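Descriptive structure summary
Letter by letter, the chains look like this.
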Amino acid sequence: MNKTKSILFSKGVTLLELVITMVLITVLVLSMGTILAHTQNATNKQQIIEHVNNYGHEALKAISEEMRRAEQINISTLLGMSRIRLTLPNDSGVPGMVNSVTISASPEYGMMTGRDPLLTIRDTRNAFLFEDNNNIDFEISNFNCDLVPSNTGLSGKLSRYFYNLVLQIDIITINASGDETITPYQFHRQVFAVSAYL
């Protein structure tokens, strides 16, 4: 009679199998972590781009509305940043009272009216500020207000009341090696100062 011996394998795992399994799991977890980190950075950058676009358009819209209401507009420019002083209609009912506002740009705090932010969220928080992000930042690098050039076909008194507004906000991205990449976003608007013209 032939007897065959059956070889029984133990239910345990060898040290080699354990090490190989741990290495594979580690590689898999690190790969997933890297993919997740890149996805999170891309999402953060996209949110900041949306925020900058919304802020740029809303800021120029608010400035345009104030300029249209202004009875007098004075512009001064220093180092690429314009300061606009507007004399607005006297809404207080007090005779002789001058209602004026100064609009300027702060690289870190956005567009300002005097010492207050031009745009706020729920009337308290500066709309320019965004939650801190370690590798993405943004700032205003240029705010310029000029009269529209006379060679555009406008003539006479009309040409003295058309203004070009230009706002540039730079998004600064710092990569893992510490190098900065600056991406400029420019916003343009032309404004006709109706009240000053009349």
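Look up a bit, the structure's there.
Below you will find a few notes about this structure. Everything numeric in this text was worked out from a predicted model, so none of it was measured.

Reading the values: rules and limits
- Residues numbered from 1 in each chain as written.
- Predicted model: local features only at pLDDT ≥ 70, side-chain atom pairs only at ≥ 80, totals over all residues.
- Heavy atoms only, no water.
- Helix = DSSP H or I, 4+ residues; strand = E, 2+ residues; numbered from the N terminus.
- Buried < 20%, exposed > 50% of the residue type's maximum accessible area, 1.4 Å probe, protein only.
- Areas by Shrake-Rupley, 256 points an atom, 1.4 Å probe, with all protein chains shown as cover.
- Salt bridge = Lys/Arg side-chain N within 4 Å of Asp/Glu carboxyl O.
- Contact = heavy atoms within 4.5 Å.
- Polar contact = N/O pair within 3.5 Å; in protein donor to acceptor, adjacent residues only side chain to side chain.
- Phe/Tyr/Trp six-rings, centres within 6.5 Å; stacked < 30°, edge-to-face > 60°.
- Patch = residues over 30% accessible without salt bridge, like charges linked within 9 Å, V, L, I, M, F, W, Y side chains within 5 Å.
- Core = buried A, V, L, I, M, F, W, Y, C linked by side-chain atoms within 4.5 Å.

When its secondary structure is counted, the protein shows two helices and ten strands. Start at the N end of the protein and walk to the C end: the helices and strands fall as α-β-β-β-β-β-β-β-β-β-β-α. Here the protein holds 198 residues, and 30% of them are scored as buried. Total accessible area on the protein stands at roughly 13,700 Å², and carbon and sulfur atoms take up 56% of it.

Our focus in this paragraph is the pattern of salt bridges. If you walk through the whole model with that rule in mind, you get one salt bridge. The partner of Arg-69 in a salt bridge is Glu-66, with the nearest N and O atoms 3.6 Å apart. Here Arg-69 and its partner Glu-66 are both found in helix α1 (residues 15–69), three residues apart, which amounts to about one turn of the helix. Accessibility expressed as a relative area gives 34% for Arg-69, which makes it partly exposed.

As a further point, take the environment of Thr-77. Relative to the helices and strands, Thr-77 resides in strand β1 (residues 72–78). Judged by its relative accessible area of 45%, Thr-77 falls in the partly exposed class. For Thr-77 and Asn-144, which are 67 residues apart along the polypeptide, the C-alpha to C-alpha distance reads 7.4 Å. Setting aside chain neighbours within four positions, we find Thr-77 in contact with Ser-82 and Asn-144. One polar contact links Thr-77 to Ser-82, side chain to side chain, over a distance of 3.0 Å.

It is worth spelling out the packing of aromatic side chains at this point. Summed over all chains, the structure comprises three aromatic pairs. Aromatic pair Tyr-55 and Phe-128: ring centres 4.9 Å apart, planes at 65°, arrangement edge-to-face. Placement of Tyr-55 in helix α1 and of Phe-128 in the loop between β7 (125–126) and β8 (136–147) is noted, with a sequence separation of 73 residues between them. When its relative accessible area of 3% is taken as the criterion, Tyr-55 is described as buried. Ring centres 5.1 Å apart and planes at 75° place the aromatic pair Phe-128 and Phe-138 in the edge-to-face group. Of this pair, Phe-128 sits in the loop between β7 and β8 while Phe-138 sits in strand β8, and the two are ten residues apart along the sequence. Each residue in the set Tyr-55, Phe-128 and Phe-138 is aromatic and connected to the rest through ring pairs, giving one cluster.

Here Ser-82 shows up in strand β2 (residues 81–88). Here Ser-82 falls in the buried class, since its relative accessible area comes to 2%. What Ser-82 contacts, discounting residues up to four positions off in sequence, is Ile-75, Ser-76, Thr-77, Ile-103, Ser-104, Ala-105, Phe-143, Asn-144 and Cys-145.

Taken together, Leu-15, Leu-18, Val-19, Met-22, Val-23 and Val-27 make up a surface patch of nonpolar side chains, about 570 Å² in accessible area. Here Val-27 shows up in helix α1. Residue classification places Val-27 among the partly exposed positions, given a relative accessible area of 48%.

Let us now look at the nonpolar core. Ile-63, Met-67, Ile-84, Met-111 and Phe-143 are the most contacted members of the largest nonpolar core, which totals 39 residues. Of all the secondary structure elements, the ones that give two or more residues to this core are α1, β2, β3 (99–106), β8, β9 (162–174) and β10 (180–192). Here the element with the most residues in this core is α1; it accounts for nine residues. Once residues lying within four places of it in the same chain are set aside, the contact partners of Met-111 are Tyr-55, Ala-59, Ile-63, Ile-103, Ser-104, Ala-105, Asp-116, Pro-117, Leu-118, Ile-140, Phe-143 and Leu-167.

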